[in-house]
Amino acid sequence: MPTEQFKLPTGVSPLQAQLAEDKDTRRILKILQARKRGDVRTHEVLDRWLEGANDEIRVRRMVTDIEPHTPPTTTRKGEVCWDDVVGISGYLPFESPVMVVGELREMASRSNSLAGSTIRLRVRRAKLPANLKVRQYFKAKAGQPLELHVESDEVGLRLAQFLGRGKVRVKVIVSREVPEHGRWNLVVVEVYPERLGETERQAHVDWVARELARVAPAGSEWFDAEPAEQDSREEDSREEDSSP
């Protein structure tokens, strides 16, 4: 019987399709072994490993999902075992950071730490690497601010002083999950004021110095609340002791 009768709708025979899938499976193992050695640290490196994959969507999904207890995958040349490799979970960064100039509109945190807090930046311009796949995120859309995350407390404190006080230039590390339609993560790792003249710079320095030098007035409304606060803490403590 002619081989053509066994071909898939795409013109590829079942045997060819199986061989291609087997090659992809072994490619996945090599990628995760390279990751374990520390050779796959960025999306650009991962993309080079993916060149020539028969089914890139499947490869990306398995690269994410594989765990040491994942059952072996059967191929024509024997099983591929996953006992000593771990999938690439979370976000994988791109090699080149993005420099963005804009105006800080909002800053919010869900904890006492500014690390991991969220800011909204109205982008005026951005210097984008030519090979970056996230270009659309930095294009202004009806004046909507761009949402970014803050790397550390120190960066958060630097950002806070510029809220509503002119333009800033920030360095953004762009990361993305490995799957084909994975989520993006944009993190600010450094910030500087943008093009302050000497007069403006000195005025900002003077403002910071004045704010740090301020002392709460001696009025009773500022200091008589301490006993009430103490009573409140004692009441909370009693409620905790009486709870089952």
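1. Let's talk about the overall build of the protein chain
- Summing up its helical and strand segments, the protein chain has seven helices and eight strands in all.
- Across the 244 residues in the protein chain, those meeting the buried criterion constitute 31%.
- In the protein chain, 65% of the contacts between residues at least 6 apart in sequence involve partners at least 24 apart.
- As presented, the protein chain carries roughly 16,100 Å² of accessible surface, and 50% of it is formed by carbon and sulfur atoms.

2. A short note on unusual backbone geometry
- You will see that Arg195, though not glycine, has its phi angle at about 55°, which is positive.
- Examined against the element boundaries, Arg195 turns out to sit in the loop between strand E8 (184–193) and helix H5 (198–213).

3. Some details on the packing of helix H1 (residues 14–37) against helix H3 (residues 56–65)
- Where H1 meets H3, the axes come as close as 10 Å, and the angle between the chain directions of the two elements is 40°. Comparing their axes, H3 and H1 come out oblique. Seen from above, H1 lies across H3 with right-handed handedness. Facing H1, whose interface residues are Glu21, Asp24, Thr25, Ile28, Ile31 and Leu32, H3 presents Arg58, Val59, Met62 and Val63.
- Within the contact of H1 with H3, the residues separate by chemical class into six nonpolar, one polar and three charged.

4. Description of the pattern of salt bridges
- This structure, assessed with the given rule, holds 15 salt bridges.
- The partner of Arg60 in a salt bridge is Glu180, with the nearest N and O atoms 3.6 Å apart. Of the two residues, Arg60 sits in helix H3 while Glu180 sits in the loop between strand E7 (167–177) and E8, which places them 120 residues apart along the sequence.
- Given a relative accessible area of 32%, Glu180 falls into the partly exposed group.
- What you see here is one network of salt bridges that share partners, running through Asp47, Glu56, Arg60 and Glu180.

5. Section: the packing of aromatic side chains
- Considering all chains together, one arrives at one aromatic pair under this definition.
- Taking 5.6 Å as the distance between ring centres and 10° as the angle between the ring planes, the aromatic pair formed by Phe94 and Trp184 counts as stacked. Of this pair, Phe94 sits in the loop between strand E3 (91–93) and strand E4 (98–108) while Trp184 sits in strand E8, and the two are 90 residues apart along the sequence.
- In this structure Phe94 comes out as buried when scored by relative accessible area, which is 6%.
- Here the basic side chain of Arg165 rests over the ring of Trp207, its NZ or CZ set 4.1 Å away from the ring centre.
- When the ring centre of Trp184 is taken as origin, the NZ or CZ atom of Arg176, which lies over that ring, is 5.5 Å away.

6. Some thoughts on the nonpolar core
- Of all hydrophobic cores here, the largest spans 21 residues; its most connected members are Leu148, Leu159, Val170, Val172 and Val188.
- Secondary-structure elements contributing two or more residues to this core are E4, strand E5 (118–127), strand E6 (146–150), helix H4 (153–160), E7 and E8.
- Sequence-distant contacts of Leu148, that is, excluding residues within four places in its chain, are made with Ser117, Thr118, Ile119, Leu121, Val172, Leu186 and Val188.
- Val59, Ile66, Trp82 and Ile88 belong to the second-largest nonpolar core, a separate cluster that totals 20 residues.

7. Structural notes on the side chain of Arg176
- Along the polypeptide, Arg176 turns up in strand E7.
- Lacking a salt bridge, the buried Arg176 has Glu180 as its closest oppositely charged neighbour, with an N-O distance of 5.4 Å.
- Among residues more than four places away in sequence, those in contact with Arg176 are His43, Arg60, Gly90, Tyr91, Leu92, Phe94, Gly182, Arg183 and Trp184.

8. So, the pairing of E4
- Across six bridges, E4 lies against E7 in antiparallel orientation. By the bridge assignment, Gly102 is partnered in E7 with Val168.
- By the bridge criterion, nine bridges tie E4 to E5 in an arrangement that is antiparallel. Across the sheet, Met99 pairs through a bridge with Lys127, a residue of E5.

Cut-offs and rules
Residues numbered from 1 in each chain as written. Predicted model: local features only at pLDDT ≥ 70, side-chain atom pairs only at ≥ 80, totals over all residues. Heavy atoms only, no water. Helix = DSSP H or I, 4+ residues; strand = E, 2+ residues; numbered from the N terminus. Buried < 20%, exposed > 50% of the residue type's maximum accessible area, 1.4 Å probe, protein only. Contact = heavy atoms within 4.5 Å. Areas by Shrake-Rupley, 256 points an atom, 1.4 Å probe, with all protein chains shown as cover. Axes fitted to C-alpha atoms, helices over the stretch in contact; angles between N-to-C directions. Parallel < 35°, antiparallel > 145°, perpendicular 65-115°, else oblique. Left-handed = near helix turned anticlockwise from the far one by under 90°. Nonpolar A, V, L, I, M, F, W, Y, C, P; charged D, E, K, R; others polar. Salt bridge = Lys/Arg side-chain N within 4 Å of Asp/Glu carboxyl O. Phe/Tyr/Trp six-rings, centres within 6.5 Å; stacked < 30°, edge-to-face > 60°. Lys NZ or Arg CZ within 6 Å of the ring centre and 35° of its normal. Core = buried A, V, L, I, M, F, W, Y, C linked by side-chain atoms within 4.5 Å. Lys, Arg positive; Asp, Glu negative; His and termini not counted. Pairing = 2+ DSSP bridges.

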